[in-house]
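Examining the three-dimensional arrangement
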Amino acid sequence: MGAKAKIGISIILIVILGLAVWQLTSPRSIPSVGTEYVQPGPLSEKGSWIVAEKTSSGTVYLAISIANLTHPRAALSTTYSVLISKLETITSPYARTVTVRVTSLTLQDNYDGKFTGLDTTGLVPDAVQVTSLLHFTTSAAPQLQFTIPYLVYNLLVLGYTIDHTHTRSYNITQTLI
């Protein structure tokens, strides 16, 4: 085998390796679940919002639900859950589907300050769920602001493209026990 053939084979193998890495690092595809997580329940007790995201490949309707997983009390940590599920996707022929990845989560309390934390959980297989802890130091009814930056991805037949970044904020009032 000549030098040109070895270089050609090396280039082809590098391209195949690059495509494999691109495919393996793509975000997890979440199925459309309809209004399952928007309905009143343990994962949406503090509120749910439906938003339409315009992408280069169509439109995706997302449901953002907020809940506290533990009972909020003064001087104890409370775990909050933010769940992003997909209601429906309308895509163009070149994109298989659209998905999201949360990049951070910030909780702002009007009394105790700000906490930035993010823990991804795999407890909900058909949605994106992130949790964060917040420690209340006062026993008043705090106003909480959740700031959720996320990336919207177009999942292609092979790999993905980042469509855009979006940040949304939601306010809730938390009653402490």
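Because the structure is a prediction, the values reported are computed rather than measured.

A short note on the overall build of the protein
Within the protein one finds 1 helix and 10 strands. When the helices and strands of the protein are listed from N to C terminus, the series reads α-β-β-β-β-β-β-β-β-β-β. For the protein, the C-alpha radius of gyration of 21 Å lies well beyond 16 Å, the compact-globule estimate for 177 residues. In terms of its C-alpha atoms, the protein occupies a principal-axis envelope of roughly 80 × 30 × 25 Å. Looking at the protein as a whole, 41% of its 177 residues qualify as buried. As displayed, the protein offers around 9300 Å² of accessible surface, 62% of which is attributable to carbon and sulfur atoms.

Focus: the nonpolar core
By size, the foremost hydrophobic cluster in this structure holds 26 residues, and its most contacted members are Ile84, Phe146, Ile148 and Tyr150. Among the elements of the structure, strand E2 (58-68), strand E3 (77-91), strand E4 (97-102), strand E8 (128-135), strand E9 (143-155) and strand E10 (160-173) are those that each provide at least two residues to this core. For this core, the leading source of residues is E9, giving 5 residues. Contact partners of Ile148, with chain neighbours within four places excluded, come to Ile64, Val82, Ile84, Val102, Ser104, Leu105, His166, Thr167, Arg168 and Tyr170. Counting residues in each nonpolar core, the second largest holds 5 residues, with Val33, Tyr37, Leu83 and Val124 among its members.

Focus: the side chain of Asp126
Here Asp126 is to be found in the loop between strand E7 (119-121) and E8. No salt bridge is formed by the buried Asp126, whose closest oppositely charged neighbour, Arg28, lies at an N-O distance of 6.8 Å. A polar side-chain atom of Asp126 sits 2.5 Å from a polar atom in the side chain of Tyr37. Ignoring anything within four residues of it in the chain, the contact list for Asp126 reads Arg28, Ile30, Pro31, Val33, Glu36 and Tyr37.

Notes on the packing of aromatic side chains
Taken as a whole and judged by the stated rule, the model has 4 aromatic pairs. Judged by centre distance (6.3 Å) and plane angle (40°), the rings of Trp22 and Tyr160 are tilted. Separated by 138 residues along the polypeptide, Trp22 in helix H1 (residues 3-24) and Tyr160 in strand E10 bring together distant segments of the chain.

Thoughts on the layout of surface pockets
Taken as a whole, the largest pocket spans an internal volume of roughly 170 Å³. Lining the largest pocket are 13 residues, and of these Arg28, Val100, Arg101, Thr120 and Val128 lie nearest its centre. Among the residues making up the lining of the largest pocket, the classes are represented as 7 nonpolar, 4 polar and 2 charged.

Considering the pattern of salt bridges
All told, the structure shown has 1 salt bridge when counted by the stated rule. A salt bridge links Glu53 to Arg168, with the shortest nitrogen-to-oxygen separation between them at 3.0 Å. Separated by 115 residues along the polypeptide, Glu53 in strand E1 (residues 47-55) and Arg168 in strand E10 bring together distant segments of the chain. Arg168 carries the same exposure label as Glu53, and that label is buried.

Points about the environment of Glu88
The residue Glu88 is located in strand E3 in this model. Residues Glu88 and Thr59 lie 29 residues apart in sequence; the distance between their C-alpha atoms is 8.4 Å. Excluding its chain neighbours within four sequence positions, the residues that come into contact with Glu88 are Ser32, Thr59, Val60 and Tyr61.

Reading the values: the criteria
- Residues numbered from 1 in each chain as written.
- Predicted model: local features only at pLDDT ≥ 70, side-chain atom pairs only at ≥ 80, totals over all residues.
- Heavy atoms only, no water.
- Helix = DSSP H or I, 4+ residues; strand = E, 2+ residues; numbered from the N terminus.
- Rg over C-alpha atoms; globule rule 2.2 N^0.38 Å.
- Buried < 20%, exposed > 50% of the residue type's maximum accessible area, 1.4 Å probe, protein only.
- Areas by Shrake-Rupley, 256 points an atom, 1.4 Å probe, with all protein chains shown as cover.
- Core = buried A, V, L, I, M, F, W, Y, C linked by side-chain atoms within 4.5 Å.
- Contact = heavy atoms within 4.5 Å.
- Lys, Arg positive; Asp, Glu negative; His and termini not counted.
- Salt bridge = Lys/Arg side-chain N within 4 Å of Asp/Glu carboxyl O.
- Polar contact = N/O pair within 3.5 Å; in protein donor to acceptor, adjacent residues only side chain to side chain.
- Phe/Tyr/Trp six-rings, centres within 6.5 Å; stacked < 30°, edge-to-face > 60°.
- 1 Å grid on protein atoms, 1.4 Å probe; cavity = no way out; pocket = protein on both sides within 12 Å on 5 of 7 lines; lining within 4 Å.
- Points joined across faces, edges and corners; volume = space filled by probe spheres on them.
- Nonpolar A, V, L, I, M, F, W, Y, C, P; charged D, E, K, R; others polar.

Everything listed here is a matter of coordinates, which is why it stays silent on function.
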